[in-house]
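Secondary and tertiary structure notes
Chain by chain, the residues:
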Amino acid sequence: MSFADATQFWNARFNKEEFIFGKEPNEYLVEQTKQYLKPKDKVLCIADGEGRNGVWLAKQGMQVFAFDASDIALAKAKQFAIDHQVEVDYSFSDTDSFDWQANAYDAVIGIFIQFADPQMRERIFQQTHKTLKPGGIFILQGYTPKQLEYKTGGPSLIEHLYTEQMIRDLAKEFQILDLRCYEKELNEGARHAGMSALLGLVAKK
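Structure report, in brief. What you see is a predicted model, and the numbers here were worked out from it, not measured in a lab.

This paragraph deals with the nonpolar core. Leu37, Leu57, Val88, Tyr90, Ile109 and Ile139 are the most contacted members of the largest nonpolar core, which totals 32 residues. Ignoring any residue separated from it by four or fewer positions in sequence, one finds Val88 in contact with Gly54, Val55, Ala58, Val64, Ala66 and Ala81.

Let's shift gears to the packing of aromatic side chains. Throughout the structure, instances matching the rule amount to 13 aromatic pairs. Considering the side-chain rings of Phe3 and Phe92, the 5.2 Å spacing of their centres and the 50° angle between planes classify their relative orientation as tilted. Of this pair, Phe3 sits in helix H1 (residues 3-14) while Phe92 is found in strand S3 (residues 88-92), placing the two residues 89 residues apart along the sequence. When its relative accessible area of 42% is taken as the criterion, Phe92 is described as partly exposed. Pairing Phe9 with Trp10 gives two aromatic rings, centres 5.1 Å apart and planes at 90°, and the pair type is edge-to-face. Among the residues examined, Phe9 registers a relative accessible area of 34% and is labelled partly exposed. According to the relative accessible area criterion, Trp10 is buried, its value standing at 17%. Three or more aromatic residues joined by ring pairs make a cluster, and in this case those are Phe9, Trp10, Phe14 and Phe21. The ring of Phe19 has Lys23 sitting right over it, with the charged end atom 4.7 Å from the ring centre.

This part takes up the side chain of His192. Examined against the element boundaries, His192 turns out to sit in strand S7 (residues 192-204). The exposure class assigned to His192 is buried, which follows from its relative accessible area of 4%.

Bringing the packing of helix H2 (residues 27-36) against helix H3 (residues 52-59) into the picture now. One way to put it is that H2 packs onto H3 with a least axis distance of 11 Å and a crossing angle of 30°. Relative to H3, the element H2 lies roughly parallel. The element H2 and its partner H3 pack so that their crossing is right-handed. On the side of H2, the interface is formed by Leu29, Val30, Thr33 and Lys34, while H3 contributes Asn53, Trp56 and Leu57. Classifying every residue of the contact of H2 with H3 by side-chain character gives four nonpolar, two polar and one charged.

Let us now look at helix H5 (residues 118-131). The end-to-end C-alpha distance of H5, which contains 14 residues, comes to 20 Å, matching closely the 20 Å that a straight helix rising 1.5 Å per residue would cover. For H5, the complete set of buried residues consists of Met120, Arg121, Ile124, Phe125, Gln127, Thr128, His129 and Thr131.

Attention now goes to the pairing of S3. Pairing geometry for strand S2 (residues 63-68) and S3, over five bridges, is parallel. Across the sheet, Phe65 pairs through a bridge with Asp89, a residue of S3. The parallel pair S2 and S3 is bridged by helix H4 (residues 71-83), and the resulting crossover is right-handed.

On to the pattern of salt bridges, then. Tallying each qualifying case throughout the model produces ten salt bridges. A salt bridge links Glu188 to Arg52; its shortest N-O distance comes to 2.8 Å. With a gap of 136 residues between them, Glu188 in strand S6 (residues 175-188) and Arg52 in helix H3 connect regions that are remote in the sequence. Arg52 carries the same exposure label as Glu188, and that label is buried. Measuring nitrogen to oxygen at the nearest pair gives 3.0 Å for the salt bridge that ties Arg180 to Asp178. With a relative accessible area of 29%, Arg180 lands in the partly exposed category. If you follow the salt bridges from partner to partner, you end up with Glu31, Asp178 and Arg180 in one network.

Reading guide: rules and limits
All residue numbers refer to position in the chain's written sequence, counted from 1. The predicted origin of the model limits local features to residues at a pLDDT of at least 70 and limits the giving and counting of side-chain atom pairs to 80 or more, whereas totals for whole chains, interfaces and linings rest on all residues. By convention in this description, side-chain values take in all heavy atoms of the structure and omit both hydrogens and water. What makes a nonpolar core is a set of buried Ala, Val, Leu, Ile, Met, Phe, Trp, Tyr and Cys residues whose side-chain atoms join them at distances within 4.5 Å. Residue exposure (1.4 Å probe, protein chains only): buried if accessible area is under 20% of the type maximum, exposed if over 50%, otherwise partly exposed. When checking whether two residues touch, look at their non-hydrogen atoms; a contact exists if any pair is within 4.5 Å. Centre distance within 6.5 Å is the pairing criterion for rings of Phe, Tyr and Trp, where only the six-membered ring of Trp is used; planes under 30 degrees apart are then read as stacked, over 60 as edge-to-face, and the remainder as tilted. Numbering goes from the N terminus for both helices and strands, where a helix is a DSSP run of H or I of at least four residues and a strand is a run of E of at least two. For a lysine, the NZ atom is tested; for an arginine, the CZ atom; a charge sits over a ring if that atom is within 6 Å of the ring centre and within 35 degrees of the ring normal. Here an axis means a line fitted to C-alpha atoms, over the contact stretch when the element is a helix, while the angle between two N-to-C directions is reported on a 0 to 180 degree scale. Angular relationships are summarised with four words: roughly parallel below 35 degrees, roughly antiparallel beyond 145, roughly perpendicular across 65 to 115, and oblique for the angles in between. When the near helix sits turned anticlockwise from the far one by under a right angle, the crossing is termed left-handed; a clockwise turn instead gives a right-handed crossing. Three classes are used: nonpolar for Ala, Val, Leu, Ile, Met, Phe, Trp, Tyr, Cys and Pro, charged for Asp, Glu, Lys and Arg, and polar for all others, with Gly counted as polar. An expected span of 1.5 Å times one less than the residue number is assigned to each helix. Between any two strands, at least two bridges found by DSSP are needed for them to pair. By definition, the crossover connecting two strands over a helix is right-handed if that path, from the first strand to the second, turns clockwise as seen with the strands pointing away from the viewer. Between Lys or Arg on one side and Asp or Glu on the other, a salt bridge is scored when a side-chain nitrogen of the former is within 4 Å of a carboxyl oxygen of the latter.

As structure tokens, then:
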């Protein structure tokens, strides 16, 4: 999918009043942030959508950078940041056109970035490793193949879903601090609601 196609696809989804993934931050992100991140950290949010995670991180005193391929989602995210009186540095970009500078961030956050096919997913792991400072933290949350039974969110293509072995292989250059597959009731807007089959990863460069 080209950048223009991605923009069109996500704009169609985000072009409504409601926040389709809710306004509360992702639970796994909150839990791991409290353990591994600290105020003043420079954090990058991949495909941050309407801003629920980036804005929450900014409210914790972090310096947040975020990008998304939907300009409609970004407009909502910018307003959301203003409403919460925080600053987030947003750019209109997809994962391939984003400027991944080397050793730039203390943490990179990828919450439900399962638009990525296997090749893009590999690039994202490489780009994340490159852009993290030594000792930097990568926090990832996604759905496992069992999610196809629950149908409570996420992609319907199995190759876009995460298995523990796949993530271990992708994270081979990192030190894995937490990797778990689990099932939990999610309540993250209309698009992610109900019993869900999840994977969480915290990895260190």
